[in-house]
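# Observations on the model geometry
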Amino acid sequence: MVSNHNLADYETEREQFSWDEIYAEADWDAPAELNVAHEVADRHAGDREKVALYQVDTDGELTKMTFWELADRSSQFANVLEDLGVEQGDRVFSYMPRIPEHYVALTGTLKRGAVWGSVNERFGPDGISYRLDDCEAKVVVTTTDNRDTVKDALDDAPSVEHVITVDRGGGAPPDDVVFNTALDGASTAYDAAETGGEDDALLYYTSGTTGLAKGVLHKQRWVAGVAATQKYAVDLQPDDLYWSTGDLGWLTGAINTLGAWFWGASLFTYEGEFDPEEWADLLDEYPITVLFSVPTAYRMLREKEEVLADVDLDLRHALSIGEPLSAGVVEWGEDELGVTILDTYGQTETGNMIINNYPTMELRPGSMGKPLPGIEADIVDPETGEVLEPDETGEIAQRGDYPCFFAEYWQKSEKTASCFVDGPDGEWYLSGDLAHKDEDGYFWFEGRADDVILSSGYRIGPFEVESSLGEHEAVAEAAVVPKPHRERGNIVKAYVVPSEGATPSEDLTEDIRNHVRDELSAHEYPREIEFREELPKTVTGKIRRTELQDEAAEETEASS
Ligand code: ATP
Ligand code: MG
């Protein structure tokens, strides 16, 4: 077990707050006048020492940016946008690594009152142009390293008028605006645009796990809800050093960046990709107190836990989002990270984490926790809009009257409307995710509605089976899908990545199958197991079950 300096503080905090108090305190009406950039940067600029961003590049070099510098730099960026003719509401998109300029562009765009969006660097030209063209973006911010990819994308994104390029060597094309030169020549005076809570602020695309990514529009009021989540779910304190590993290319990155700064906490970011050893070194070297990541990263750290052996951790909290977090990983975290990894649930549409495990709450490992104070979320029958009883499976649903809740899928009113169902006591937004709650109101994730397996008359959620598989020592990772079957409708098929040192064999297959049959249930165990070196994933690391499901269906077809 690793040392943990602050576990005692953490215990004290747990005593200080009660669940009921949190609910009673919850109040997040967004004011009529609200500018996100003002809230996150300018408000803290008076303190010239306080660091907003600690950025470590791929060579391990540290760059610091204070709130004062962030306020100044973002004002310069806003001035540059204004000079380029970018108006309030115009879309500005980034395609760049986790470097300080990225965070300046984000804040500066919001200061100008323009709408910020971002495309993760793992996308190629088609992924970029799809998003830029869909929302008719006017400006792209990028780096010289990415400039050729952007060039290819621009052929199919005619709305883009300007490219602002950070010169990281090699020089930018002559028509580009060069980031540092342009900012250096711009004034640091800029009054944040007089936006209101209902003005457009962010346009983020979903992960595209189930199909084409959707552009999700959020208003300036979004920051009020985000602030609440960071306070209650993340328990963020102004002296925290907050490493949210999510890229700004996804809404989670923006949530945790802007949410941290709202409370004046320092953000930590690492330019490089996930690497267990690298991450362990960073956790050792920097006094990171809150780590926010994804289940894949925790699973991979578990696979390589020897890297944590001599690491001196300062963690108060670790959190997870994006995919289900199994009880096994939570238990591993308690032993090796010294903290309970708190699972949080949210969607690009819900705008932040709406169902969470709170540090103040008694946890049930494997559960997603409870709705955020002030949010009305429940398990609803998607056909009738009725709230279901404990233990009944339905869709996770939310009422829409929350500042973080999305305004619309970008200019797709029909698609937006199709997410809602009218129930006997009002309208619910349906998430497309299946879960049930227990007698005490804890939510338990079962799977995406599209991923549910119908087998011999049973409805089987893949997550429970995958968690059980994950508890077998020879299983590093698993994905479970339906495979069409003549008599049973479908059977459960598991794709398994073996742990290091495990060798696939018929005996092992049998052993894993028996493990799930004995530990979980006699009707949910995978009748077929196929070993794979890796599983197909989205760029965010989410398992793409749809792809495996297609493969399984083709197998059945070929054999019949
Ligand atoms: P698309 O909507 O394009 O298919 P996506 O739903 O993966 O992609 P996101 O908005 O990034 O796009 O992800 C939200 C989804 O991630 C949720 O609907 C849910 O399926 C999954 N998810 C998020 N957090 C959790 C969690 N804690 N447990 C289980 N699933 C989660
Ligand atoms: Mg989705």
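As the structure is a prediction and not an experimental result, all values here were calculated from the model. (Residues numbered from 1 in each chain as written. Chains lettered and ligands numbered in written order. Predicted model: local features only at pLDDT ≥ 70, side-chain atom pairs only at ≥ 80, totals over all residues. Heavy atoms only, no water.)

## As for the overall build of the protein
Cut-off, in case you're wondering: Strands here mean DSSP runs of E at least two residues long; helices mean DSSP runs of H or I at least four residues long; both are numbered from the N terminus. Atoms counted for the radius of gyration: C-alpha only. Globule rule: 2.2 Å times residue count to the power 0.38. Classification of residues uses two cut-offs on accessible area relative to the type maximum, computed with a 1.4 Å probe and protein chains only: under 20% is buried, over 50% is exposed, and between them is partly exposed. Contacts: residue pairs with any heavy atoms within 4.5 Å of one another.
Per the secondary structure count, the protein includes 17 helices and 27 strands. Expected size for 560 residues packed as a compact globule is a radius of gyration near 24 Å; at 24 Å, the protein falls within 12% of this value. Seen along its three principal axes, the alpha-carbon backbone of the protein occupies a region of about 70 × 55 × 55 Å. Looking at the protein as a whole, 59% of its 560 residues are labelled buried. Within the protein, contacts between residues at least 6 apart in sequence are counted, and of these 70% link residues at least 24 apart.

## Description of the side chain of Glu395
For the record, the criterion: The charge count includes Lys and Arg as positive and Asp and Glu as negative, but it does not include His or the ends of the chains. Between Lys or Arg on one side and Asp or Glu on the other, a salt bridge is scored when a side-chain nitrogen of the former is within 4 Å of a carboxyl oxygen of the latter.
As for its position among the elements, Glu395 is in strand 18 (residues 394-398). Salt bridges are absent for the buried Glu395, whose nearest opposite-charge side chain, Arg459, sits at 8.0 Å. Excluding anything up to four places from it in sequence, Glu395 contacts Asp378, Ile379, Val380, Pro382, Leu430, Ser431, Gly432, Asp433, Leu434 and Ala449.

## Side note on the site of ligand 1
To be explicit about the condition: Distances are taken per atom, and a residue is near a molecule or strand as soon as one of its heavy atoms is within 4 Å of it. Counting of polar contacts relies on pairs of N or O atoms within 3.5 Å, with two restrictions inside protein: one atom must be capable of donating a hydrogen and the other of accepting it, and residues adjacent in sequence are counted only when both atoms are side-chain atoms. Only the protein chains shown count as cover for residues, and all accessible areas are computed by the Shrake-Rupley method using a 1.4 Å probe. Gly falls in the polar group here, along with every residue not listed as nonpolar (Ala, Val, Leu, Ile, Met, Phe, Trp, Tyr, Cys, Pro) or charged (Asp, Glu, Lys, Arg).
Neighbouring residues of ligand 1: 21 residues in total, closest Ser207, Thr209, Thr210, Thr348 and Asp433. Within the contact set of ligand 1, an oxygen atom lies 2.8 Å away from a side-chain nitrogen or oxygen of Gln347. Coverage of ligand 1 by the protein chains reaches 95% of its 630 Å² of free accessible surface. Of all the secondary-structure elements, those providing two or more residues to the shell around ligand 1 are strand 14 (341-346) and strand 22 (443-448). Sorting elements by how many residues they give to the shell around ligand 1 places strand 14 first, with 4 residues. Considering only residue class, the shell around ligand 1 consists of 4 nonpolar, 10 polar and 7 charged.

## A short note on the UniProt feature "domain: AMP-dependent synthetase/ligase" (unreviewed entry) in the protein
Here is the rule: UniProt positions are given in the numbering used here, feature names are shortened, and annotations may be inferred rather than shown by experiment.
Per the UniProt annotation, the sites labelled "domain: AMP-dependent synthetase/ligase" (unreviewed entry) are residues 45-410. Annotated as residues 45-410, this span is 29% helix and 23% strand, and its ends, taken at the C-alpha atoms, are 33 Å apart.

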